[in-house]
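# Secondary and tertiary structure notes
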Amino acid sequence: MNKKGIILATFGSIYGEAVEKSVGCMEAKIRKTYPEAIVHRVFLADALIEKWNEKYDRTVWDLEAAIADMAGQGVKDIHILPFTLVADQCYQKMRKTIAKINYGNDRGLRLNVGKPLLSSLGVKNYADDYASTIEAIMKHVNIRALNKSVLLMANGQNQLEFSALQLKCFYGAGQNVAVFTSNGFPNFKQALTLLERLDHHEVLVVPLALIGSEHLMDFLGGERPDSVASLLTEEGYGVSIWNEGLGENPYIQDLFLKHLAHSIRMVERRQQTGREASENERRACTA
């Protein structure tokens with residue numbers, strides 16, 4: 001019987017504790033859900049792989065090494081779950097790597113790449129990743145977010161996805177939510193304008209980053225004058241920081257598991273259809 005391989009692919013981080021709280025928990029859930037599968041985690045940033053392996057005893061692999069190891073164990077079907085929010089440059093680079101491997105594939109490998117967390121807008125009966133993500137965030141922070149505005153900070157520049165997330169907030173479960181990105185649109189100044197309209201005196205800042213590194217938390221809540229907390233305090237808001245990466249949210253983890261299950265199901269359905277077509281063709285030839 002063909003073994004199943006699952007690769008959890010993340011950009012990575014040098015902060016080991018934060019990685020284990022997010023990536024590690026996600027990996028454990030995958031192993032529990034698919035106990036028969038071979039599961040590897042990989043970092044997609046080469047520089048972080050080198051730094052991690054110098055600092056920690058547990059070695060982390062790059063994507064090609066993980067695929068080669070699975071192939072060596074007889075795995076043919078490899079499912080790659082991108083542990084990422086959006087189809088950013090890192091995700092696109094990963095897809096190019098997979099395409100390159102597939103082009104020269106002489107080992108019978110079937111490599112399947114899943115989708116990031118924010119992929120489907122929910123049109124034509126497809127799942128609404130944006131609404132589900134907002135609901136997962138609000139469910140997780142609900143007690144602390146009572147009678148507060150929630151400020152979601154995205155560490156990136158994927159303007160279309162995060163703009164869509166803001167629109168989904170308006171029309172869904174996040175009507176007290178403002179979204180901003182560190183390097184794109186909407187920016188912090190635009191989020192401040194929205195916070196003024198929401199007219200709450202308290203703001204809960206929640207990172208839209210899967211790994212809650214010390215560097216990220218310092219940017220959000222540090223005592224430095226340019227931290228998000230300091231800038232909001234200058235505007236007269238009472239500020240609290242949600243000190244977790246989004247990947248630590250169990251409801252977000254469950255959404256990634258749903259993406260993985262859907263991806264596996266679609267591949268197995270195509271394979272079953274192909275087998276049935278081949279069998280029908282064989283019967284037609286022998287009739």
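All figures in this text were calculated on a predicted structure; none of them were measured in a lab.

## Here's the deal with the overall build of the chain
- When you go through the chain residue by residue, the secondary structure sums to ten helices and eight strands.
- By principal-axis analysis of the C-alpha atoms, the chain measures approximately 80 × 50 × 30 Å.
- Considering only contacts within the chain whose residues lie at least 6 apart along the sequence, 74% involve residues at least 24 apart.
- Of the roughly 15300 Å² of accessible surface on the chain, 51% is carried by carbon and sulfur atoms.

## Quick notes on the pattern of salt bridges
- Applying the stated rule across the entire model yields twelve salt bridges.
- In this structure, the salt-bridge partner of Glu36 is Lys4, at a minimum N-O distance of 3.5 Å. Of the two residues, Glu36 sits in the loop between α1 (16-33) and β2 (38-43) while Lys4 sits in strand β1 (residues 4-10), which places them 32 residues apart along the sequence.
- Glu36 gets classed as partly exposed once you look at its relative accessible area, which sits at 48%.
- Its salt-bridge partner being Glu27, residue Arg41 comes within 2.7 Å of it at the nearest N-O pair. One end of the pair, Arg41, is in strand β2; the other, Glu27, is in helix α1, and 14 residues separate them in sequence. For the pair formed by Arg41 and Glu27, the shared burial category is buried.

## Some thoughts on the packing of helix α3 (residues 63-72) against helix α4 (residues 89-103)
- It is the contact of α3 with α4, at a shortest axis distance of 11 Å, that shows an interaxial angle of 40 degrees. Considered as vectors, α3 and α4 are oriented oblique to each other. In this structure, α3 crosses over α4, and the sense of that crossing is right-handed. The segment α3 lies against α4, with Leu63, Glu64 and Ile67 engaging Met94, Thr97, Ile98 and Ile101.
- Class assignment for the residues of the contact of α3 with α4 results in five nonpolar, one polar and one charged.

## Topic: the nonpolar core
- In this structure, Ile30, Leu152 and Leu208 are the most contacted members of the largest nonpolar core, which totals 50 residues.
- Dropping the residues within four chain positions of it, Leu208 is found in contact with Leu85, Ile137, Leu152, Met153, Ala154, Asn155, Phe162, Leu165, Val179 and Leu246.
- Listed in part, the 21 residues of the second largest apolar core include Ile7, Leu44, Ala66 and Ile98.

## A short note on a nonpolar patch on the surface
- Residues Leu167, Phe170 and Tyr171 make up a contiguous nonpolar surface patch of roughly 380 Å² in combined accessible area.
- One can find Leu167 in helix α6 (residues 159-171).

The rules behind these values
Residues numbered from 1 in each chain as written. Predicted model: local features only at pLDDT ≥ 70, side-chain atom pairs only at ≥ 80, totals over all residues. Heavy atoms only, no water. Helix = DSSP H or I, 4+ residues; strand = E, 2+ residues; numbered from the N terminus. Contact = heavy atoms within 4.5 Å. Areas by Shrake-Rupley, 256 points an atom, 1.4 Å probe, with all protein chains shown as cover. Salt bridge = Lys/Arg side-chain N within 4 Å of Asp/Glu carboxyl O. Buried < 20%, exposed > 50% of the residue type's maximum accessible area, 1.4 Å probe, protein only. Axes fitted to C-alpha atoms, helices over the stretch in contact; angles between N-to-C directions. Parallel < 35°, antiparallel > 145°, perpendicular 65-115°, else oblique. Left-handed = near helix turned anticlockwise from the far one by under 90°. Nonpolar A, V, L, I, M, F, W, Y, C, P; charged D, E, K, R; others polar. Core = buried A, V, L, I, M, F, W, Y, C linked by side-chain atoms within 4.5 Å. Patch = residues over 30% accessible without salt bridge, like charges linked within 9 Å, V, L, I, M, F, W, Y side chains within 5 Å.

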